[in-house]
Amino acid sequence: METNLVRVLEGQYLDELTSELCDFTLEEQNAATEAQGVKPLASSDYIPIVGKTVTYVVACVIVNDSNEVLMMQEAKESCAGKWYLPAGRMEPGETIVEAGVREVLEETGLKVQITTLLAVETAGGSWFRFVLTGNVVGGELKTPSQADQESIQAKWCQNLNELSLRANDILPVVELARNYRKRVPKDPNWHREILPARKAHYKNYLRVVVAIKNKTTNQVYVLLSEKTAYHFPTVEIHPGRSIHSTLKKFMIELFGADLPQHRPHGVLSVEHHTTDGQANPTDGLCLTVLVICRPSIESVSLIGKCIWHELSKDLSARLAMAVAGKNATFQLHVVR
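What this report covers is the structure whose coordinates are included nearby. As the structure is a prediction and not an experimental result, all values here were calculated from the model.

**Focus on helix α4 (residues 96-108)**
Two residues of an α-helix separated by three or four positions point the same way, owing to the 3.6 residues in each turn. Over its 13 residues, α4 extends 18 Å from the first C-alpha to the last, a length consistent with the 18 Å expected when each residue adds 1.5 Å. All buried positions along α4 are accounted for by Ile96, Ala99, Gly100, Arg102, Glu103, Val104, Glu107 and Thr108. Gly109 sits one or two positions beyond α4 and adopts a positive phi of about 85°.

Right, here's the structure in full:
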């Protein structure tokens, strides 16, 4: 399991059959809801299908050596003339990175190499936006004479306040990308360049790395589920609830109603790889989220089939650095 922890800390996929290890499926969540006399919000056989039942969006924040941000002017009738980041919905058969490269090229005329994920934003359990950054490797900046249905033009901008923006929701991620570009190499407060791991999933899952300390020894432990085989606890993402709601209900399954004080620290990895065109397309994903428990391990009880695993000193120190660094994980934004 420590090998698996190292892999998720490095943004790699886990070589396991997530569907068989899932501790709290949508069917089980619905059964718990019905037992309380409440009608479920989603069908138990929900399958994420791009363009139909799930929406994946990419937003690319490209910053140049002058700290200018690549912006595009909208051509859509609903927001024509407004400025925004190159962004848009993923298409069937695309990976997250492929969608980012395509959107930048279509809307700005520039070819980019995506270098890392910066943040994951969610609204409900069936809308996800992946914030990416990277470097320009070719192409020519789109001019008004090249305007089409994708955009009117593109330009590099130093001060976004000078533009009439389509929405201000991009300002925090622009600041994030600028700070990432200015970081000192190998700064422990920042995550490395990590891209979504290419692994196919039939459904959407939330894998949690729950960390807790023994305040007496200062040793770090992580929670492991004993279902089928030892693994990090995993829940199927409910398409009708926010990620925070899905996480809270899952934590109650693990710890009972008397939940220890905890907080999601950030995203460690994203697994996604579509196999569109096959009999059973795999448009699902798996988000691995680091969750920090505040109390000492001695005061926390478990009710689920889980155990605490004491980490080696080296791995304990490495996980502690991920917790201490504000940007050592990808940011998770839950849009309300």
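**Let's talk about the sheet that holds strand β7 (residues 153-157)**
In spatial order, the strands read β3-β2-β7; together these three strands make up an open sheet with antiparallel pairing. What marks the edges here is a single partner per strand, and that holds for β3 (83-84) and β7. With five bridges joining them, strand β2 (residues 69-73) and β7 adopt antiparallel strand pairing. Its bridge partner lying in β7, Gln73 is registered against Gln153. In this fold α4 packs onto β2 and β7, with an angle of close to 60° to the strand it touches most, β2.

**A word on the nonpolar core**
Nonpolar side chains tend toward joint burial in soluble globular proteins. Ranked by size, the top nonpolar core spans 51 residues in total, and within it Phe128, Phe130, Leu206, Val210, Phe255 and Trp308 carry the most contacts. Broken down by element, this core gets its largest block of residues, six residues, from helix α6 (residues 243-255). Leave out the neighbours within four places in its chain, and Val210 touches Tyr221, Val222, Leu223, Met251, Phe255, Val291, Cys293 and Trp308. Counting residues in hydrophobic clusters, the runner-up holds 24 residues, among them Ala87, Leu160, Leu163 and Leu165.

**As for helix α1 (residues 2-9)**
Listed as buried for α1 are Asn4, Leu5, Val8 and Leu9. Viewed along the axis of α1, the buried residues span an arc of 140°, placing them on a single side of the element. Residues of α1 that are buried in the fold lie against β8 (205-214), β9 (219-225), β11 (262-272), β12 (285-296) and α7 (313-324). Directly beyond the C-terminal end of α1, a positive phi value near 75° is found at Gly11.

**Here we look at the packing of aromatic side chains**
Inspection of the entire model under this criterion finds five aromatic pairs. Note on Tyr56 and Phe128: the rings are 5.9 Å apart at their centroids and 55° apart in plane angle, and the pair reads as tilted. With Tyr56 in strand β1 (residues 55-60) and Phe128 in strand β6 (residues 127-139), this pair connects stretches of sequence that are 72 residues apart. Judged by its relative accessible area of 1%, Tyr56 is buried. Ring centres of Tyr56 and Phe130 lie 6.0 Å apart, and the angle between their planes is 55°; on these two criteria the pair is classed as tilted. Of this pair, Tyr56 sits in strand β1 while Phe130 sits in strand β6, and the two are 74 residues apart along the sequence. Note on accessibility: Tyr56 and Phe130 belong to one class, buried.

**So, the sheet that holds strand β5 (residues 110-122)**
Strand order in the open sheet made by the five strands is β4-β1-β6-β5-β14, with mixed pairing throughout. The sheet terminates laterally at β4 (87-89) and β14 (331-334), the two strands that pair on one side only. Strand after strand, the sheet turns through a mean of 35° between neighbouring axes, direction not considered. Pairing between β5 and β6: eleven bridges, direction antiparallel. Paired with Leu110 across the bridge in β6 is Gly139. In this fold α4 packs onto β1, β4, β5 and β6, with an angle of close to 120° to the strand it touches most, β5. Its contacts with the sheet put helix α5 (residues 171-182) on β5, β6 and β14, and the angle it makes with β5 is roughly 120°.

Calculation notes
- Residues numbered from 1 in each chain as written.
- Predicted model: local features only at pLDDT ≥ 70, side-chain atom pairs only at ≥ 80, totals over all residues.
- Heavy atoms only, no water.
- Helix = DSSP H or I, 4+ residues; strand = E, 2+ residues; numbered from the N terminus.
- Expected span 1.5 Å × (residues − 1).
- Buried < 20%, exposed > 50% of the residue type's maximum accessible area, 1.4 Å probe, protein only.
- Pairing = 2+ DSSP bridges.
- Contact = heavy atoms within 4.5 Å.
- Axes fitted to C-alpha atoms, helices over the stretch in contact; angles between N-to-C directions.
- Core = buried A, V, L, I, M, F, W, Y, C linked by side-chain atoms within 4.5 Å.
- Arc of directions from axis to C-beta.
- Phe/Tyr/Trp six-rings, centres within 6.5 Å; stacked < 30°, edge-to-face > 60°.

That is the geometry; function is a separate question.
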